[in-house]
Amino acid sequence: FHETNRFGQLKEWISSLVKDVQSVQQRLQQVQDGSVVAWELIPRLDARRQDLERLQHVLENANEVLRTKSSIGGLLSASDDLMAAEQIQYGRRLLSGTAASYRKEQQQQQQQQQQ
């Protein structure tokens, strides 16, 4: 009778351990699957980040064009033709993509004038 009880208990332990091993295997498989997916996503997410940065740059330039456009009318009505012409030129540079160098030139000129 005592041997039957020990055999039953041993059987329960083995059954419990088998379930634990199966659970660990399933979790390990989930971790591996998640890791593979994450590694596959990294290049796609990086490309998306770069695309979003380019889009941000385009939107910033578009916003700058709109600000330039809105300032031209006020400058013309104030009879500041020279500044209006500069703003028109700046807008054209923004649209052609050469505004970055123009901005640097403007900043250098302003710094020189302040000195």
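Below you will find a few notes about this structure. Remember, it's a predicted structure, so these values are computed and weren't measured experimentally.

### Let's talk about the environment of Leu 94
Consideration 1: Structurally, Leu 94 can be placed in helix 2 (residues 81-96).
Consideration 2: A relative accessible area of 5% places Leu 94 in the buried class.
Consideration 3: Remark: the alpha-carbon pair of Leu 94 and Thr 68, spanning 26 residues in sequence, is separated by 9.6 Å.

### Details of the pattern of salt bridges
Consideration 1: All told, the structure shown has four salt bridges when counted by the stated rule.
Consideration 2: Residue Asp 46 is joined to Arg 49 by a salt bridge in which the shortest nitrogen-to-oxygen separation is 2.5 Å. Taken together, the positions of Asp 46 and Arg 49, both in helix 1 (residues 2-77) and three residues apart, correspond to about one turn of that helix.
Consideration 3: Accessibility expressed as a relative area gives 32% for Asp 46, which makes it partly exposed.
Consideration 4: One salt bridge in this structure joins Glu 64 and Arg 67, with 2.9 Å as the shortest N-O distance. Of this pair, Glu 64 and Arg 67 both sit in helix 1, three residues apart, which is roughly one turn of the helix.
Consideration 5: For Arg 67, a relative accessible area of 46% puts it in the partly exposed group.
Consideration 6: Through salt bridges that share partners, Asp 46, Arg 49 and Glu 53 make up one connected network.

Conventions we followed
Residues numbered from 1 in each chain as written. Predicted model: local features only at pLDDT ≥ 70, side-chain atom pairs only at ≥ 80, totals over all residues. Heavy atoms only, no water. Helix = DSSP H or I, 4+ residues; strand = E, 2+ residues; numbered from the N terminus. Buried < 20%, exposed > 50% of the residue type's maximum accessible area, 1.4 Å probe, protein only. Salt bridge = Lys/Arg side-chain N within 4 Å of Asp/Glu carboxyl O.

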